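Descriptive analysis of the structure
Letter by letter, the chains look like this.
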Amino acid sequence: LAKTTQPISMDSYEGQEVNITCSHNNIATNDYITWYQQFPSQGPRFIIQGYKTKVTNEVASLFIPADRKSSTLSLPRVSLSDTAVYYCLVVYSGGYQKVTFGTGTKLQVIP
Amino acid sequence: DVKVTQSSRYLVKRTGEKVFLECVQDMDHENMFWYRQDPGLGLRLIYFSYDVKMKEKGDIPEGYSVSREKKERFSLILESASTNQTSMYLCASRTGRGLYNEQFFGPGTRLTVL
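Residues numbered from 1 in each chain as written. Chains lettered and ligands numbered in written order. Predicted model: local features only at pLDDT ≥ 70, side-chain atom pairs only at ≥ 80, totals over all residues. Heavy atoms only, no water.

1. Quick look at the interface of chain A and chain B
Where we set the bar: In what follows, a contact means two residues having at least one pair of non-hydrogen atoms within 4.5 Å. Only one rule defines a salt bridge in this text: a Lys or Arg side-chain nitrogen within 4 Å of an Asp or Glu carboxyl oxygen. Distance and chemistry together define a polar contact, namely a pair of N or O atoms within 3.5 Å, with one atom able to donate a hydrogen and the other to accept it when in protein, and with adjacent residues in sequence counting only for side-chain atoms on both sides. Under the DSSP-based scheme used, a helix requires at least four consecutive residues in state H or I and a strand at least two consecutive residues in state E, with every element numbered from the N terminus. For this classification, Asp, Glu, Lys and Arg are treated as charged, while Ala, Val, Leu, Ile, Met, Phe, Trp, Tyr, Cys and Pro are nonpolar and the rest, including Gly, are polar.
If you look at the interface, chain A gives 20 residues, while chain B gives 24 residues. Connecting chain A to chain B are 0 salt bridges. Where chain A touches chain B, the interface holds 4 residue pairs in polar contact (both at pLDDT 80 or more). When contributions to the side of chain A that touches chain B are tallied by element, the ones reaching two or more residues are strand S3 (31-38), strand S4 (45-50) and strand S8 (84-92) of chain A. Partitioned by chemical class, the residues of the side of chain A that touches chain B number 10 nonpolar, 9 polar and 1 charged.

2. Describing unusual backbone geometry
Basically, it comes down to this: Exposed residues in this analysis have more than 50% of their type's maximum accessible area, buried residues have under 20%, and partly exposed residues fall in between, with area computed by a 1.4 Å probe over protein chains only.
For Thr53(A), which is not glycine, the phi dihedral falls at a positive 55°. Within the fold, Thr53(A) resides in strand S5 (residues 53-56). Non-glycine residue Lys53(B) carries a positive phi angle of around 65°. Assignment of secondary structure puts Lys53(B) in the loop between strand S5 (42-49) and strand S6 (56-57). Lys53(B) sits in the exposed class, given a relative accessible area of 57%.

3. A few points about the state of the cysteines
For clarity, the threshold we go by: Put simply, a disulfide is two cysteine sulfurs that come within 2.5 Å.
What the rule picks out here adds up to 2 disulfides over all chains. There is a disulfide in this structure between Cys22(A) and Cys88(A), and the S-S distance comes to 2.2 Å. Handedness of the Cys22(A)-Cys88(A) disulfide follows from its S-S torsion of about -80°: it is left-handed. Taken together, the positions of Cys22(A) in strand S2 (residues 18-23) and Cys88(A) in strand S8 put the pair 66 residues apart, joining distant regions of the chain. Like Cys22(A), the residue Cys88(A) is buried in the burial classification. The side chain of Cys23(B) participates in a disulfide bridge whose partner is Cys91(B); the two sulfur atoms lie 1.8 Å from each other. The disulfide joining Cys23(B) to Cys91(B) has a torsion of about -75° about its S-S bond and is therefore left-handed. Linking Cys23(B) in strand S3 (residues 19-25) with Cys91(B) in strand S9 (residues 87-94), this pair joins segments that are 68 residues apart in sequence. By relative accessible area, Cys23(B) is classed as buried at 0%. You can call Cys91(B) buried: its relative accessible area is 0%.

4. Observations concerning the pairing of S2(A)
Residues and elements named next belong to chain A. Inclusion rule: Paired strands, in this sense, are two strands between which DSSP finds at least two bridges.
Of the two faces of S2, the one holding Val18, Ile20 and Cys22 is buried and the one holding Asn19, Thr21 and Ser23 is not buried anywhere. Relative to strand S7 (residues 70-75), S2 runs antiparallel, the two sharing 6 bridges. Residue pairing in the sheet places valine 18 in a bridge with leucine 75 of S7.

5. Overview of the packing of aromatic side chains
This is how the line gets drawn: Pairing of aromatic rings covers Phe, Tyr and Trp, the last through its six-membered ring, and needs centres within 6.5 Å; plane angles under 30 degrees mean stacked, over 60 mean edge-to-face, and all others mean tilted. By definition, being over a ring means that NZ of Lys or CZ of Arg is both within 6 Å of the ring centre and within 35 degrees of the ring normal.
Enumeration according to the criterion identifies 11 aromatic pairs over all chains in this entry. An angle of 40° between the planes, with centres 5.6 Å apart, marks the rings of Tyr35(B) and Phe105(B) as tilted. Here Tyr35(B), found in strand S4 (residues 31-38), pairs with Phe105(B), found in strand S10 (residues 104-105); they are 70 residues apart in sequence, far enough to count as distant. Judged by its relative accessible area of 13%, Phe105(B) falls in the buried class. A network of ring pairs unites the aromatic residues Tyr36(A), Phe46(A), Tyr87(A), Phe101(A), Phe33(B), Tyr35(B), Phe48(B) and Phe105(B) as a single cluster. Positioned over the ring face of Tyr51(A) is Arg68(A), at 3.9 Å from the centre of the ring.

The following block contains the structure:
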């Protein structure tokens, strides 16, 4: 299983772009990078998944360099409602294997 | 919309009781999971099931068992509840087909063991 490392916490002001970086040095060829968001008292919610280069959806962008040893989740113009814990996961796509959520990055958006 | 429901949002039990936590999903997903979440420890996988009647231990299976008799239902059983099993329990499901890895989570059950 590829281990991920991400900051424990981050603060940002409303309206700013937030970038959360995750390192996954031993990522394997068949692994995808997946991010989840969790609000207090709720289960995690899938945000975005990518394999390489850039993926964008209505919520976020995911940037993955060519060596895939790290990835950056970018949240444009955050609001107070983006305050949550963000988890970076490396997930094997050749069949089911255990995934590890870790402790995530707690993002606090400040007014 | 995928729906994952859990039988209770809050549950209070006594030490030694047998506890059943039920999870139901309505999207015909093959894979189902039970996690527990504790402050500072993130989500930890207890058990998962990749198909009916199939189960695999996760990272912390001790003190727990599971049952999956029907595809849509995955039960977590605490054979003899202890105070260190006080936690938030989260169920999730995922399709076993294709490359898409999204897990859909239920709202969670906050279990307190006295």
